[in-house]
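# Analysis of the macromolecular model
So the chains spell out like this:
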Amino acid sequence: MANRDADRDAEFTDDFALAGTPDAFQRLWTPHRLAYVSKGQGQVTDEASCPFCVAPQRDDETSLIVARGITCYVVMNLYPYNPGHLLVCPYRHIPDYTDLTVEETAEFAQLTQIGMEVLRDVSNAAGFNLGMNQGNAGGAGIAAHLHQHIVPRWGGDGNFLPIIAQTKNVTGTIGDMRQIIADAWETGAQRFREQQARPMNEREA
Ligand SMILES: [Zn+2]
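Throughout, residues of each chain are indexed from 1 in the direction in which the sequence is written. Local features in this predicted model are restricted to residues whose pLDDT is 70 or higher, and side-chain atom pairs enter the listing and the counts only when it is 80 or higher, whereas totals over whole chains, interfaces and linings include all residues.

As annotated in an unreviewed UniProt entry, the chain is HIT family hydrolase from Enteractinococcus helveticum.

Next up, the structure:
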């Protein structure tokens, strides 16, 4: 009887055992934060200390890369505003959108477009926020290496958590999302390229 009482007490005093709460703690992403940029902007002093330069040198799973192009690649954002939040980066360590070559600009744009298609495929994204923060004054987390955000949006996804808890309730682990997006990438990319190759009047709406 004593044991049963102890179990019951444990059940009601351990937050992680209460239905609905464990995920709120697991989705804070703090371990990733440490692995990514533990000392903030100041630690990115050159290419060797730049996470966007280092990432492509490791395997996709370790670096959370979902697709590699010729001049640019796509990686999961470790601070997702929403599940599936992607970043498109040139391989070159350049800070500014105007630094991209013509070839890089084209692939940067195409990977963004394919990223949108794939996120629609895997998560029924209803909208997107796309954008680049340029320079420290522009709010870039890592200003030294250009990156474009692709944030999938769904109706009603904005909630009170960022305001009251300064965090975001993100569904699914980042590793799981990477795998799902990476697995869907080639199919989405193929369909996108075929669609682009068609004359305008033969394209699907
Ligand atoms: Zn870099």
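Next comes the rest of the account.
### Focus on the overall build of the chain
The helix and strand labels rest on DSSP assignments: H or I over at least four residues marks a helix, E over at least two residues marks a strand, and numbering proceeds from the N terminus. The helix and strand tally for the chain stands at eight helices and five strands. Counting helices and strands in the order they occur from the N terminus, the chain gives α-α-α-α-α-β-β-β-α-β-β-α-α. Per-residue burial over the chain gives 21% buried out of 205 residues. Pairs at least 24 apart in sequence give 64% of the contacts found in the chain among residues at least 6 apart. Counting other C-beta atoms within 10 Å of a residue's C-beta gives its exposure: the residue is buried at 20 or more, exposed at 12 or fewer, and partly exposed in between, where C-beta atoms are placed from the backbone. Residues are defined as contacting one another if the C-beta atoms placed from their backbone atoms lie within 7 Å.

### Some remarks on the nonpolar core
If you look at the biggest cluster of nonpolar residues, it comprises 29 residues, and the most contacted ones within it are Val66, Val74, Val75, Val88 and Cys89. Of all the secondary structure elements, the ones that give two or more residues to this core are strand 1 (65–68), strand 2 (72–76), strand 3 (86–90), helix 6 (102–123), strand 5 (148–153) and helix 8 (174–197). Residues in contact with valine 75, not counting those within four places in the same chain, are Ala55, Ser63, Leu64, Ile65, Val66, Leu87 and Cys89. Each nonpolar core reported here comprises buried Ala, Val, Leu, Ile, Met, Phe, Trp, Tyr and Cys residues connected via C-beta atoms within 7 Å.

### A look at helix 8
A helix is expected to reach a length of 1.5 Å times the quantity of its residues less one. Counted at 1.5 Å a residue, the expected span for helix 8 with its 24 residues is 34 Å, and the 33 Å between its end C-alpha atoms agrees. Bend, at a single residue, is the angle you get between axes fitted to the 7 residues ending at that residue and the 7 residues starting at it. If you look at helix 8, its biggest bend is around 40 degrees, right at tryptophan 185. Among the residues of helix 8, Ile174, Met177, Arg178, Ile181, Trp185 and Gly188 are the ones counted as buried.

### Quick notes on the UniProt feature "binding site: substrate" (unreviewed entry) in the chain
UniProt positions are given in the numbering used here, feature names are shortened, and annotations may be inferred rather than shown by experiment. Per the UniProt record, "binding site: substrate" (unreviewed entry) is annotated on Asn77 and His149. Sequence-wise these annotated residues cover 73 residues; spatially they are packed, their C-alpha atoms never more than 8.2 Å apart. Considering the arrangement of structural elements, one finds asparagine 77 in the loop between strand 2 and strand 3. What makes asparagine 77 buried here is the crowd of 21 C-beta atoms within 10 Å. Apart from the residues within four sequence positions on either side, asparagine 77 is in contact with His85, Leu86, Leu87 and His149. You can see histidine 149 is positioned in strand 5. Contact partners of histidine 149, with chain neighbours within four places excluded, come to Asn77, His85, Leu87, Asn129, Leu130 and Gly131.

### Looking at the confidence of the model for the chain
Taken over all residues, the pLDDT of the chain has a mean of 79, while the share at 70 or more is 72%. Per-element mean pLDDT across the chain ranges from 40 in helix 2 (residues 22–26) up to 98 in strand 1. By definition, pLDDT measures how confident the predictor is in each residue, and it falls between 0 and 100. Predicted confidence for residues 1–38 stays below pLDDT 50, and this span has 19 contacts to residues more than four positions away or in other chains.

### Considering the pairing of strand 4 (residues 127–131)
Across the five residues that make up strand 4, only a small minority, zero, are buried. In short, DSSP must find at least two bridges between two strands for them to pair. As paired elements, strand 4 and strand 5 share five bridges and run antiparallel to each other. Each bridged residue has a counterpart across the sheet, and for glycine 127 the counterpart in strand 5 is arginine 153.

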